[in-house]
Amino acid sequence: GVLKGWKILILIMADPETEEIERPKAVHVRRMHKKTTKQELVAFGQKFGNVKSVNVWYGFGQGVIEYFSTSEAAAAVAAQKDSVPLVRGKEVELGFGIPLTNKQRFKEDIRNPDYVSKEVRRCVNDILNLVCDKEARQRAQLLREQHNALLKQHRADEAGDDKSDICWEWVMTGGRCYRGRLCRFRHEVVPIHLLPSRFRWYSRRDNFPASREGSPYKNKMNAILSKLIDTVPNKTGVVLDGSTCSSVRAFAGGEHDRGPKDITVPNVCTESFLAIRDTGLCQAYHGSLRALLDSSPTKQYGFLYLDYCCCLTAGRNAVEKSPIQDVTTLFRHAQCDRTGCILCLSFAAPDPEKLARQVFQMFSTFLCSELYFTSVGATG
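Computed from a prediction, not measured in an experiment: that's the story for all the values here.

Counting its regular elements, the chain contains 12 helices and 11 strands. For the chain, contacts bridging at least 24 residues in sequence account for 66% of all contacts bridging at least 6. As displayed, the chain has an accessible area near 23600 Å², and 55% of this comes from carbon and sulfur atoms.

If a strand is regular, its side chains alternate between the two faces of the sheet. The two faces of strand β11 (residues 342-346) differ: Ile342, Cys344 and Ser346 on one face are buried, but Leu343 and Leu345 on the other face are not. In the classification by handedness, the crossover that spans strand β10 (residues 303-307), the intervening helix α10 (residues 323-332) and the parallel β11 is right-handed.

Looking now at a positive patch on the surface. Judged by side-chain charge, Arg176, Arg316, Lys354 and Arg357 come together as a positively charged surface patch. Looking at the element boundaries, Arg176 is found in the loop between α5 (168-172) and α6 (216-228). Note on Arg176: relative accessible area 42%, which makes it partly exposed.

In this section: the environment of Ser346. One can find Ser346 in strand β11. The spacing of Ser346 and Leu306 is 40 residues in sequence and 6.3 Å in space, taken between C-alpha atoms. When residues no more than four places from it in sequence are discounted, the contact partners of Ser346 are Tyr217, Leu306, Asp307 and Tyr308.

For the rest of this paragraph, the subject is the packing of aromatic side chains. Using the criterion set out here, one finds 4 aromatic pairs in the structure. Geometrically, the ring pair formed by Tyr308 and Phe347 is stacked, given 5.5 Å between the ring centres and 0° between the ring planes. Taken as a pair, Tyr308 in the loop between β10 and α10 and Phe347 in the loop between β11 and α11 (352-368) lie far apart in primary sequence, 39 residues in all. An identical accessibility class is assigned to Tyr308 and Phe347; each is buried.

Let us look at the pattern of salt bridges. Counted under the stated rule, the structure contains 14 salt bridges. Note that Glu135 is salt-bridged to Arg139, the shortest N-O span being 3.2 Å. Note that Glu135 and Arg139 are positioned in helix α4 (residues 113-157) at a spacing of 4 residues, about one turn of the helix. Close ionic contact of Arg290 with Asp294 constitutes a salt bridge, the shortest N to O distance being 3.0 Å. Placement of the pair is Arg290 and Asp294 together in helix α9 (residues 289-295), with a separation of 4 residues, close to one helical turn. The class of Arg290 is buried, set by a relative accessible area of 9%.

As a further point, take the layout of surface pockets. Any empty space left between atoms is shown by rolling a water-sized probe over those atoms. Approximately 940 Å³ is the volume attributed to the largest pocket. In terms of lining, the largest pocket is formed by 37 residues, of which the most central are Phe208, Leu240, Asp307, Tyr308 and Cys309. Listing elements by their share of the lining of the largest pocket, those giving two or more residues are α6, β8 (263-267), α9, β10 and α10. By residue class, the composition of the lining of the largest pocket is 16 nonpolar, 10 polar and 11 charged.

Parameters and conventions
Residues numbered from 1 in each chain as written. Predicted model: local features only at pLDDT ≥ 70, side-chain atom pairs only at ≥ 80, totals over all residues. Heavy atoms only, no water. Helix = DSSP H or I, 4+ residues; strand = E, 2+ residues; numbered from the N terminus. Contact = heavy atoms within 4.5 Å. Areas by Shrake-Rupley, 256 points an atom, 1.4 Å probe, with all protein chains shown as cover. Buried < 20%, exposed > 50% of the residue type's maximum accessible area, 1.4 Å probe, protein only. Right-handed = clockwise from strand over helix to strand, strands pointing away. Patch = residues over 30% accessible without salt bridge, like charges linked within 9 Å, V, L, I, M, F, W, Y side chains within 5 Å. Salt bridge = Lys/Arg side-chain N within 4 Å of Asp/Glu carboxyl O. Lys, Arg positive; Asp, Glu negative; His and termini not counted. Charge placed at Lys NZ, Arg CZ, Asp CG, Glu CD. Phe/Tyr/Trp six-rings, centres within 6.5 Å; stacked < 30°, edge-to-face > 60°. 1 Å grid on protein atoms, 1.4 Å probe; cavity = no way out; pocket = protein on both sides within 12 Å on 5 of 7 lines; lining within 4 Å. Points joined across faces, edges and corners; volume = space filled by probe spheres on them. Nonpolar A, V, L, I, M, F, W, Y, C, P; charged D, E, K, R; others polar.

Geometry only, nothing functional implied.
See below:
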C-alpha cells in the first residue's frame, strides 16, 4: 500500500569479469604458514596443472591459486582426499574459490605505480630492520663482554680477601638473615666494597632515559649548585650522574678550576659507567655510592650532589639501594669536610610534604645522635 502508484524498475546486470564463476578455476588455500611466499604457492599449484595467477593475503594465512581450466582446479581440490597437502611444511585446506577480477589483479601488478611504491617501501624497511637488528645484537654482545670483563676484574681484586666465614646475606640486606640464630656464619658489619661481586649490585644496561638528564629541573639545579660549590674551599666532590654527564659538565671549572680528578661519579650500570669513563670529564667508579664511601672512609668531600631516581625510603632490603643508608654512611665516616660542604639530595616523591617530613626526621636523628657528634665533634 505504501508503494501504490510508484513504478519500480529493477535492473539486473552481469559483470563480464565474473561470468565464469559457475565454472570455478580457482583454488582457495587456507591455514597456510603466515610467511608463505608466492613462489612457494606457485610451486605447490604446478603439481596439478598450469598456474595462471597467485594471490596471497599476508598475515592471514590464505591465498588463491587460479588455473587455466576447471579440471586442473578440480584435480587440486580432489588431491587432498588421497594425501595431505603441505605448503612450507604445514598442512593446508583446499577448496574452490573465486578467480580474481582484473581490478584485483592490477592491485599487485608491476604496472601499478602504487603497488611498486608499496613494495619498494616494504623492501627498504626490511633492509633497515635487518641492519638495525644486526647492529643491536652486536652492541648487546659487546656490552655483555665488557660487563663480564669488569666482573672478572672485580673477582680478581677480591681473590686475596678471605672472609668466607661472614654471612654475606646479613651484610647486603642490612642486618637480616632468614637462618636466624641457626646461621653458621658470622653476622658482622663489613664494608660493602668487600662483598664478593656475586652479592654486589651490578647491572649491564641502564634503563633510565637519557632525555630526562637534560630536563629543565635538572639544568636549574646544576646552575644553582655550580654557584654554591664555589663557596667552599674543598673542590672534590661526588655526583650521581648519568651517561651524558650533564651535572659534571656544569660543575667543571669554576673558581676552583675543578678537573677530572676532582669529581667522582659512581654508577652500577656497565653501559653508563663506560660512557662516563669515555668522556674523561671525571673519575668513573663502577659500583654503588655506598661501596664508594666504604672504599675510602677517610676521604672528605666539599660537595655531594646525590640525585636519586627513587624515593627516600627505597632499598629497605638492600643496603646498596638505600638512600638512607648512603647518608648514614656519609655521616658515620665524617666525609663531609668540616671547612664547608654542600650536600644536595634529590628524590622522587609524589607527596612533597611527606618527603619534607621524612628528610627532617632523618637529619634530626643525625643531629641528636652520638653519630653526629662523633663525626664532626661537639663544636661542629
